[in-house]
Amino acid sequence: MKTGYFRGYFYISAIILGIGCSFNANAADVVRHVPAVEMAPVPILSPSPVKTWEGGYAGISGGKTFKGQNPGDGLTRMDGYFGGIFVGTNFQNGNVVYGVEGDLGYDRLKGSQGAYSFKGGVDGSARARLGYALTDSVLLYGTAGGAAQRLSVAEASKSDTNTMLGWTAGVGVDAKLTDSVFGRVEYRYTDFGSKTFSTGSGNSEVGARGGKIKVGLGIQF
């Protein structure tokens, strides 16, 4: 009885042991054949552009001006030079730069046509600017707004001076020379409209328009 009992126990233990070994072997085989999971690369976000153009600024400028005065009987070309100051502020969103700017200067313009003579004076503008930062140190922009100019017209020993009001638009580029100092090259076209001037022979309608090529030096603060 006891011998049969132990024999049965031995058979059952052997069967269980065989099943366990077979399970372990199969489990090890499964582990060995599980393919490695490749991790997807984590995207690296590009850093936002540095806001190197944001803030207030001021500077000086000068250059060449080309203007025409029209006293009613033909356009007179007047070439001269000008100098002045400018001040403004920029806001920056990514590569887009926008803001406002004003300038004030003096035009050394003289010219004549027939009995008329012309002389420039103080001029200025208030404008919006919209640009694109090509790099942290180079800004390409466009600008447009209102403009004003003092103009004197003389004829037959009598002169009259008026303030001409009109519009101006142009394009330019600012380039950083240091972290806070920048250089500027700009072209602007201005149409001052026309005004009535009272001269020696009576009233004359005189229009004024022309362009400026200007260079400048500014500082951010």
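Predicted, not measured: the structure shown is a model, and the values here were computed from it.

### A word on the overall build of the protein chain
Okay, so step 1: A tally of regular secondary structure across the protein chain gives one helix and eight strands.
Okay, so step 2: Along the chain direction, N to C, the helices and strands of the protein chain fall in the order α-β-β-β-β-β-β-β-β.
Okay, so step 3: Here the protein chain holds 221 residues, and the buried ones make up 35% of them.
Okay, so step 4: Expressed as a percentage of contacts within the protein chain between residues at least 6 apart in sequence, the contacts between residues at least 24 apart total 62%.

### Examining the pairing of strand β6 (residues 158–176)
For a regular strand, side chains alternate in direction, first toward one face of the sheet and then toward the other.
Okay, so step 1: The sheet contact formed by strand β5 (residues 138–155) and β6 spans 18 bridges and is antiparallel. Following the sheet pairing, valine 138 is matched in β6 by alanine 175.
Okay, so step 2: The turn joining β5 and β6, which pair antiparallel and follow one another in sequence, is formed by two residues; a positive phi near 55° is taken by alanine 156.
Okay, so step 3: As defined by bridge partners, β6 adjoins strand β7 (residues 181–199) across ten bridges and the pair is classed as antiparallel. Of the residues in β7, the one forming a bridge with glycine 172 is glutamate 186.
Okay, so step 4: Remark: four residues form the turn of the hairpin made by β6 and β7, two consecutive strands paired antiparallel.

### A word on the environment of glycine 114
Okay, so step 1: You can see glycine 114 is positioned in the loop between β3 (96–113) and β4 (116–133).
Okay, so step 2: Remark: the alpha-carbon pair of glycine 114 and glutamate 155, spanning 41 residues in sequence, is separated by 9.0 Å.

### Observations concerning a nonpolar patch on the surface
Okay, so step 1: A contiguous nonpolar patch, built from Phe91, Val96, Tyr98, Leu130, Tyr132, Leu134, Leu140, Val173, Val185 and Val215 and spanning about 910 Å² of accessible area, is present on the exposed surface.
Okay, so step 2: Along the chain, tyrosine 98 turns up in strand β3.

### With respect to the packing of aromatic side chains
Okay, so step 1: Under the criterion given, the structure shown has six aromatic pairs.
Okay, so step 2: When the centroid spacing of 6.5 Å and the interplanar angle of 50° are considered together, the rings of phenylalanine 86 and phenylalanine 182 count as tilted. Of this pair, phenylalanine 86 sits in strand β2 (residues 76–93) while phenylalanine 182 sits in strand β7, and the two are 96 residues apart along the sequence. For the pair formed by phenylalanine 86 and phenylalanine 182, the shared burial category is buried.
Okay, so step 3: Arranged with centres 5.8 Å apart and planes meeting at 50°, the rings of tryptophan 167 and tyrosine 189 form a pair that is tilted. Of the two residues, tryptophan 167 sits in strand β6 while tyrosine 189 sits in strand β7, which places them 22 residues apart along the sequence.
Okay, so step 4: Judged by its relative accessible area of 29%, tyrosine 189 falls in the partly exposed class.
Okay, so step 5: Aromatic rings pair up to connect Trp53, Tyr57, Phe86 and Phe182 into one cluster.

### Here we look at the pattern of salt bridges
Okay, so step 1: Summed over all chains, the structure comprises eleven salt bridges.
Okay, so step 2: Two residues, lysine 212 and aspartate 123, come together in a salt bridge whose shortest N-O distance is 2.7 Å. Of this pair, lysine 212 sits in strand β8 (residues 202–220) while aspartate 123 is found in strand β4, placing the two residues 89 residues apart along the sequence.
Okay, so step 3: The exposure class assigned to lysine 212 is buried, which follows from its relative accessible area of 10%.

### Notes on the pairing of β5
Okay, so step 1: Of the strand pairs in this sheet, β4 and β5 are connected by 16 bridges, and their pairing is antiparallel. Its bridge partner lying in β5, glycine 124 is registered against alanine 148.
Okay, so step 2: Turn length for the β4-β5 hairpin, with the two strands adjacent in sequence and antiparallel, is four residues.

### Details of unusual backbone geometry
Okay, so step 1: Its identity as a non-glycine residue notwithstanding, alanine 156 has a phi of 55°, on the positive side.
Okay, so step 2: Position of alanine 156 among the secondary structure elements: in the loop between β5 and β6.
Okay, so step 3: Overall, alanine 156 belongs to the exposed group, its relative accessible area being 51%.
Okay, so step 4: Phi at serine 157 takes a positive value of approximately 65°, unusual for a residue other than glycine.

Cut-offs used in this document
Residues numbered from 1 in each chain as written. Predicted model: local features only at pLDDT ≥ 70, side-chain atom pairs only at ≥ 80, totals over all residues. Heavy atoms only, no water. Helix = DSSP H or I, 4+ residues; strand = E, 2+ residues; numbered from the N terminus. Buried < 20%, exposed > 50% of the residue type's maximum accessible area, 1.4 Å probe, protein only. Contact = heavy atoms within 4.5 Å. Pairing = 2+ DSSP bridges. Patch = residues over 30% accessible without salt bridge, like charges linked within 9 Å, V, L, I, M, F, W, Y side chains within 5 Å. Areas by Shrake-Rupley, 256 points an atom, 1.4 Å probe, with all protein chains shown as cover. Salt bridge = Lys/Arg side-chain N within 4 Å of Asp/Glu carboxyl O. Phe/Tyr/Trp six-rings, centres within 6.5 Å; stacked < 30°, edge-to-face > 60°.

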